[in-house]
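Remarks on the overall topology
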Amino acid sequence: MKRMVFIACTFFVLGLSAFAGKEGSGNEGLDRDAATYRMPLAYMNYAMKVYKEARLQAAGLEKDIFLKGYKGYLVLLSRGMVQNPDVLTIADFSQSNLNKRLYVIDLRNKILLIQTFVSHGKNSGTEIATSFSNANNSNKSVLGFLLTTDTYKGSNGLSLRFHGMEPGFNDLVTMRAIVVHGSRFVNEKALATKGEMVNSLGCPAVPMAQSKEIINHIKGGSVYFIYHPDETYALQSPILNASVGFTLAVPMTTPFATSDTLPPPLISPINLQ
């Protein structure tokens, strides 16, 4: 009986290996990207489907930035920290604050839900953010991966708190009261009137008219990634420099599920290196 079980298991493992080999053939670019971003090929394949179907390149979000955000999303998801797994938000602070550089992405349905303006801290730079800080009263933006938490009503209306996921880069956001909130000075009308965008005290403020919609989409434990090509962050980020490893949690009747049938939450975590 034990021998039969062993043989059955062996054939199952060989079947998985053959499928992985077949999927990899002809996909050298995907294989290379999966190795570069240190994530399983199935998830790289899914990420590229999201990037293409949501038309993120046309929206101005570079592939590398999206893949870094998606990789960090997977790392946090594998650690059981993500409670709202369908949405990934990327604030691309490599872009000018005159651009609509906030992207709220529906990963399950592969659509760009919202693209709009977002401010950076006034001491991070004027039009272009160049300097970042985790320190209290710095009036600078933080970098890296955050998780959204609860909402509250403040002086700027409905607002959304964060937990910082990367010590030294953003773990003081709660103490600093770095939150998502609406601003009357972050929108196209204010830009046309002043010719520039007003920056914040460190919060990623969004247009007041869109703030409630944005907050309702991303509240409750979704991943929020603030990106900038900062060399120190790139070298020291514990999330960007992690490996992503998953076992696929699919029914045994469909062991060879393709990336089309593999939405992001259908995973179970394994140990990360």
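Placed above this text is the structure.
Residues numbered from 1 in each chain as written. Predicted model: local features only at pLDDT ≥ 70, side-chain atom pairs only at ≥ 80, totals over all residues. Heavy atoms only, no water.

1. Some points on the pattern of salt bridges
Note the cut-off: Here, a salt bridge means any side-chain nitrogen of Lys or Arg that lies within 4 Å of a carboxyl oxygen of Asp or Glu. Comment: elements are numbered from the N terminus, with helices defined as DSSP H or I runs of at least four residues and strands as E runs of at least two. Under the scheme applied here, a residue whose accessible area is under 20% of the maximum for its type counts as buried, over 50% as exposed, and between as partly exposed, the area being computed with a 1.4 Å probe on protein chains only.
Summed over the entire model, instances satisfying the criterion amount to five salt bridges. Across the salt bridge formed by aspartate 33 and lysine 63, the nearest N and O atoms sit 3.2 Å from each other. Of this pair, aspartate 33 sits in helix α2 (residues 28-37) while lysine 63 sits in helix α4 (residues 63-78); the two residues are 30 residues apart in sequence, bridging distant segments of the chain. Aspartate 33 sits in the buried class, given a relative accessible area of 15%. According to the relative accessible area criterion, lysine 63 is partly exposed, its value standing at 33%. For arginine 108, the salt bridge goes to aspartate 86, with nearest N and O atoms at 3.2 Å. Placement of the pair is arginine 108 in the loop between β2 (102-106) and β3 (111-116) and aspartate 86 in the loop between α4 and β1 (87-92), with a sequence separation of 22 residues.

2. Description of α4
Our working definition: Helix span is expected to be 1.5 Å times the residue number reduced by one.
Spanning 16 residues, α4 covers 22 Å between terminal C-alpha atoms, matching the ideal 22 Å at 1.5 Å per step. In terms of burial, α4 is largely enclosed, as 13 of its 16 residues are buried. Downstream of α4 by a residue or two, glycine 80 has a phi angle that is positive, lying close to 75 degrees.

3. Brief notes about unusual backbone geometry
Located in the positive-phi region is arginine 55, a residue other than glycine, with phi close to 55 degrees. One can find arginine 55 in the loop between α3 (41-53) and α4. Residue arginine 55 is classed as exposed on the basis of its relative accessible area of 58%.

4. Examining the side chain of serine 211
For the record, the criterion: The contact criterion used is simple: two residues touch if any of their non-hydrogen atoms lie within 4.5 Å.
Residue position: serine 211 is located in helix α7 (residues 208-218). With residues near it in sequence (within four places) discarded, serine 211 still touches His181, Gly182 and Val206.

5. Side note on the nonpolar core
The cut-off we apply is this: Here, the term nonpolar core denotes a set of buried Ala, Val, Leu, Ile, Met, Phe, Trp, Tyr and Cys residues that are joined through side-chain atoms within 4.5 Å.
Counting residues in hydrophobic clusters, the biggest one holds 67 residues, and the most contacted among them are Phe66, Tyr70, Ile105 and Tyr224. Discounting residues that sit within four places of it in the chain, phenylalanine 66 has contacts with Ala47, Val50, Tyr51, Leu56, Leu61, Leu88, Ile90, Ile105 and Leu107.

6. Description of the environment of valine 179
Within the secondary structure layout, valine 179 lies in the loop between α5 (173-176) and β6 (182-183). Judged by relative accessible area, valine 179 falls into the buried class, the value being 6%. With 26 residues separating them along the chain, valine 179 and alanine 205 place their C-alpha atoms 7.8 Å apart. Those residues in contact with valine 179 that lie beyond four places of it in its chain are Tyr152, Ser159, Leu160, Arg161, Phe162, Cys203 and Pro204.

7. Re the packing of α3 against α4
A pair of packed helices is characterised by two quantities: the angle between their axes and the separation of those axes. How we decide: Between N-to-C directions, angles span 0 to 180 degrees; the directions come from axes that are lines fitted to C-alpha atoms, helices contributing only their stretch in contact. The cut-offs work like this: below 35 degrees is roughly parallel, past 145 is roughly antiparallel, 65 to 115 is roughly perpendicular, and the gaps in between are oblique. The handedness criterion is simple: a crossing whose near helix is rotated anticlockwise from the far helix by less than a right angle is left-handed, and one whose near helix is rotated clockwise is right-handed. Residues are grouped as follows: nonpolar covers Ala, Val, Leu, Ile, Met, Phe, Trp, Tyr, Cys and Pro; charged covers Asp, Glu, Lys and Arg; every other residue, Gly included, is treated as polar.
At a minimum axis distance of 11 Å, the contact between α3 and α4 shows a crossing angle of 130 degrees. The angle between the axes of α3 and α4 places the two elements in the oblique class. Here α3 runs over α4; the crossing is right-handed. The residues of α4 that touch α3, namely those facing Tyr43, Met44, Tyr46, Ala47, Met48, Val50 and Tyr51, are Lys63, Phe66, Leu67, Tyr70 and Leu74. Considering only residue class, the contact of α3 with α4 consists of eleven nonpolar, no polar and one charged.

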